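Next come the chains, spelled out residue by residue.
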Amino acid sequence: MVLTRPGAGALEAQARDTPIALPGEVLVRVSACGVCRTDLHVVEGELPHAEIPLVPGHEIVGVVAGLGDSVTDLAVGDRVGIPWLGYSCDECEYCKSDRENLCVNARFTGYHIDGGYADYTVADARFVFKLPDGYTDAEAAPLLCAGLIGYRAYRAAGDARRVGLYGFGAAAHILVQVAAYEGREAIVFTRPGDEGRQQFARSLGAVWAGGSGEAPPEPLDAAIIFAPVGSLVPEALSHVVPGGVVVCAGIHMSDIPSFPYALLWQERQLLSVANLTRADGDEFLALARRQPLRVSTTRFSLAHANEALARLRAGALTGAAVLIP
Ligand SMILES: [Zn+2]
Ligand SMILES: [Zn+2]
C-alpha cells in the first residue's frame, strides 16, 4: 500500500489512520529501501505469480508508526527491518522442519505483499527484525536481503577455505568482508575488464579479483554465483576442486548451457539457495552487530526508483542502491 506523504504530525497521530487490518500487523514509516536484483526480475516480469499492481522493495528500514493490538514485542518509534520473507504458514512440512524459506504458503515482501518503494508499509510483525546499531538506515537496508540471503548462500558453501564469488554487487561486497573476517580467502570475479570493481573487491578483503572467464590463481573449494548468468555455472564448476560446491544464490538466472559430466563428476555439488528463514536473519544480524561491515550505498530519492533499477540492470552501480523516501 502506498500512502501519500502526510504533512507535519506526530507518528502517533499518523498511526490513528493506519491501514493495519490484522492485529498482528505493524505500520512502518519507511526511511530507506534497498534495490535488489529481484526487484528488477519482478518489474521485468521474469518471475511468475507477482501480484500486480504491486509496490516492490524488500530491504526495508523504517520506524514503527503503528501497531496491531496483538503486537507486544515492538513499540512505536522502534527502528526495524522488513525482509523478503513476509509470511510463512507454520503448518506445512517445510515450516515444521525449520525450512520456512521453502514454505508452500510463503508470501514475499515486494512480490506478494506490497513492499518498501513507498513512504509507509504494513508488515506481519512476526517477520520484522530489530536492527543493529552502527549502521545508518541506508546502510542497514542492503543487510536485509543482499546480506542476509547472501549469507545463507555463503553458509551453503560449507567450510570452504577458498571461496569464489561470481558477481560483485550488493551481496558479494558484504560477503567478501565476512569471508575475510573468518580467515577465508575470497576470490572475486567481475564482468571482464571491470577494473574499478576488482579494485573495490580487493579493498574490502578479496585476495584476488579478476574477470569471469579467467582462472583463479588456485582451484576453489567452493563458488557462489550472484550474477544471473547461467553460463557461469559450468565456468564455476570447472574451477572447484573434487568435492567442492557451487551455490546459485539468485532467484532467477538465464538458462544454464549443457556441459560435460566431467565438470560435475568427483562429488562436486551444484545447488541453489532460496529465500530466508527468520533464523538466518537473527544469525546474520548478530554477525553484523559483532563485526562492523562496510556497506557501500548509492542513494536515490524514491521518485528516481526507475533510474536506480536501470543502473542496476546496466551493472553501473558500486555496492547497493538504496531509495530514500
Ligand atoms: Zn509453511
Ligand atoms: Zn533481494
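Rules of the game
- Residues numbered from 1 in each chain as written.
- Chains lettered and ligands numbered in written order.
- Predicted model: local features only at pLDDT ≥ 70, side-chain atom pairs only at ≥ 80, totals over all residues.
- Heavy atoms only, no water.
- Helix = DSSP H or I, 4+ residues; strand = E, 2+ residues; numbered from the N terminus.
- Rg over C-alpha atoms; globule rule 2.2 N^0.38 Å.
- Buried < 20%, exposed > 50% of the residue type's maximum accessible area, 1.4 Å probe, protein only.
- Contact = heavy atoms within 4.5 Å.
- Areas by Shrake-Rupley, 256 points an atom, 1.4 Å probe, with all protein chains shown as cover.
- Lys, Arg positive; Asp, Glu negative; His and termini not counted.
- Charge placed at Lys NZ, Arg CZ, Asp CG, Glu CD.
- Pairing = 2+ DSSP bridges.
- Salt bridge = Lys/Arg side-chain N within 4 Å of Asp/Glu carboxyl O.
- Arc of directions from axis to C-beta.
- Donors = N, O, S within 2.8 Å, 3.2 Å for Na, K, Ca; no water.
- Axes fitted to C-alpha atoms, helices over the stretch in contact; angles between N-to-C directions.
- Tetrahedral: all angles 85-135°; square planar, octahedral: opposite > 155°, others 65-115°.
- Right-handed = clockwise from strand over helix to strand, strands pointing away.
- Phe/Tyr/Trp six-rings, centres within 6.5 Å; stacked < 30°, edge-to-face > 60°.
- Core = buried A, V, L, I, M, F, W, Y, C linked by side-chain atoms within 4.5 Å.

Student: Sorry, what's going on with the overall build of the chain here?
Tutor: Helix and strand counts for the chain stand at 10 helices and 15 strands. Relative to the 2.2 N^0.38 estimate, which gives 20 Å for 325 residues, the radius of gyration of the chain is 20 Å and therefore close to what a compact globule would have. Dimensions of the chain, computed from C-alpha atoms along their principal axes, come out at roughly 60 × 45 × 40 Å. Counting all 325 residues of the chain, 53% fall into the buried class. Residue pairs at least 24 apart in sequence account for 70% of intrachain contacts in the chain once pairs closer than 6 positions are excluded. Total accessible area computed for the chain in this model is approximately 14,100 Å², and 51% of it derives from carbon and sulfur atoms. Counting 26 positive and 37 negative side-chain charges, the chain places the averaged centre of each group 4 Å from the other.

Student: Explain the pairing of strand β3 (residues 79-82) to me, please; I cannot follow it from the model alone.
Tutor: Regular strands show a simple pattern: their side chains alternate between the two faces of the sheet. Of the strand pairs in this sheet, strand β2 (residues 60-67) and β3 are connected by 4 bridges, and their pairing is antiparallel. Note that in β3 the partner of Gly-62 across the bridge is Val-80. Inspection of the sheet shows β3 paired to strand β7 (residues 129-130) by 2 bridges, in the antiparallel sense. Among the inter-strand pairings, Val-80 is bridged to a residue of β7, identified as Lys-130.

Student: What am I meant to see in the pattern of salt bridges here?
Tutor: Pairing between side chains becomes possible if they bear opposite charge and their charged atoms approach one another. One pass over the full model with this rule turns up 14 salt bridges. Across the pair Asp-124 and Arg-126 runs a salt bridge, and its minimum N-O distance is 2.8 Å. On the basis of relative accessible area, Asp-124 is assigned to the buried category, the value being 19%. For the salt bridge of Glu-218 with Arg-162, the shortest nitrogen-to-oxygen distance reads 3.5 Å. Residue Glu-218 is found in the loop between β10 (208-211) and β11 (220-225), and its partner Arg-162 is found in strand β8 (residues 162-166); the two are separated by 56 residues along the sequence. Look at Glu-218 and you get partly exposed, because its relative accessible area is 42%. By sharing partners, the salt bridges in this structure join Asp-90, Glu-100, Asp-124, Arg-126 and Arg-278 into a single network.

Student: What am I meant to see in helix α10 (residues 305-313) here?
Tutor: Think of an α-helix as 3.6 residues a turn; residues three or four steps apart then line up on the same face. Where α10 is concerned, the buried positions are Ala-305, Ala-308, Leu-309 and Leu-312. Seen along its axis, α10 keeps its buried residues to an arc of 95°; they face one direction. Residues of α10 that are buried make contact with β1 (25-35), α2 (37-43), β14 (297-301) and β15 (320-324). Where α10 terminates, the next one or two residues include Gly-315, which has phi positive at roughly 70°.

Student: How do you make sense of the coordination of the zinc ion (ligand 2) when you look at a structure like this?
Tutor: Coordination angles at a metal have ideal targets, namely 109.5 degrees for four tetrahedral donors and 90 or 180 degrees for six octahedral donors. For the zinc ion (ligand 2), the protein coordination sphere consists of Cys-36 (SG), His-58 (NE2) and Cys-145 (SG), at 2.0 to 2.2 Å. Taken in chain order, the donor set of the zinc ion (ligand 2) reads C-x21-H-x86-C. Taken together, the residues span a long stretch of sequence, with Cys-36 in the loop between β1 and α2 and His-58 in the loop between α2 and β2 at a distance of 22 residues.

Student: Just checking my understanding: could you explain the sheet that holds β8 for this structure?
Tutor: Within a beta sheet, neighbouring strands are joined by backbone hydrogen bonds and run either parallel or antiparallel to one another. Spatially, the 6 strands line up as an open sheet ordered β10-β9-β8-β11-β12-β13, and their pairing is parallel. Both outer strands of the open sheet, β10 and β13 (269-272), are each paired with one neighbouring strand and no more. Across the sheet, the axes of successive neighbouring strands diverge by a mean angle of 20°, strand direction being ignored. Direction of pairing for β8 relative to β11: parallel, over a ladder of 4 bridges. In the sheet register, Tyr-166 faces β11, and the bridge partner there is Ile-225. Across the sheet, helix α5 (residues 146-156) lies against β11, β12 (240-248) and β13, angled at about 160° from β12, the strand it touches most.

Student: Just to check I follow, could you spell out the coordination of the zinc ion (ligand 1) for this structure?
Tutor: All of the protein donors around the zinc ion (ligand 1) are Cys-89 (SG), Cys-92 (SG), Cys-95 (SG) and Cys-103 (SG); their distances to the metal are 2.3 to 2.4 Å. Classification of the site at the zinc ion (ligand 1) rests on its 4 donor atoms, whose angles at the metal span 103 to 117°, yielding the label tetrahedral. Read N to C, the donor residues that coordinate the zinc ion (ligand 1) are spaced as C-x2-C-x2-C-x7-C. What makes Cys-95 buried here is its relative accessible area of 12%.

Student: Can you help me understand the pairing of β10 in this one?
Tutor: Where strand β9 (residues 185-190) and β10 come together, 4 bridges link them in parallel fashion. The residue of β10 that forms the bridge with Ile-187 is Trp-208. Once the chain exits β9 it traverses helix α7 (residues 195-203) before rejoining the sheet at β10, and the crossover so formed is right-handed.

Student: Is there a simple way to explain the packing of aromatic side chains in this structure?
Tutor: How two aromatic rings sit relative to each other is set out by the distance from centre to centre and by the angle between their planes. In total, this model carries 9 aromatic pairs according to the counting rule given. Residues Tyr-261 and Trp-265 carry aromatic rings whose centres are separated by 6.2 Å and whose planes lie at 45° to one another, so their mutual orientation is tilted. Taken as a pair, Tyr-261 and Trp-265 share a single burial class, namely exposed. Through a chain of ring-to-ring contacts, three or more aromatic side chains come together here, namely Trp-84, Phe-108 and Tyr-111.

Student: Would you mind going over the nonpolar core with me for this structure?
Tutor: As a rule of thumb, soluble globular proteins bury nonpolar side chains together. With 65 residues, the main nonpolar core has Leu-143, Ile-224, Phe-284 and Leu-293 as its most contacted residues. In terms of residue count, the dominant contributor to this core is helix α6 (residues 170-181) (7 residues). Apart from the residues within four sequence positions on either side, Leu-293 is in contact with Tyr-135, Leu-143, Ile-174, Gln-177, Val-178, Phe-284, Leu-287 and Ala-288. Ranked by size, the runner-up nonpolar core spans 26 residues in total, among them Val-30, Cys-33, Leu-40 and Leu-74.

Without other data, these values stay purely geometric and don't point to any function.
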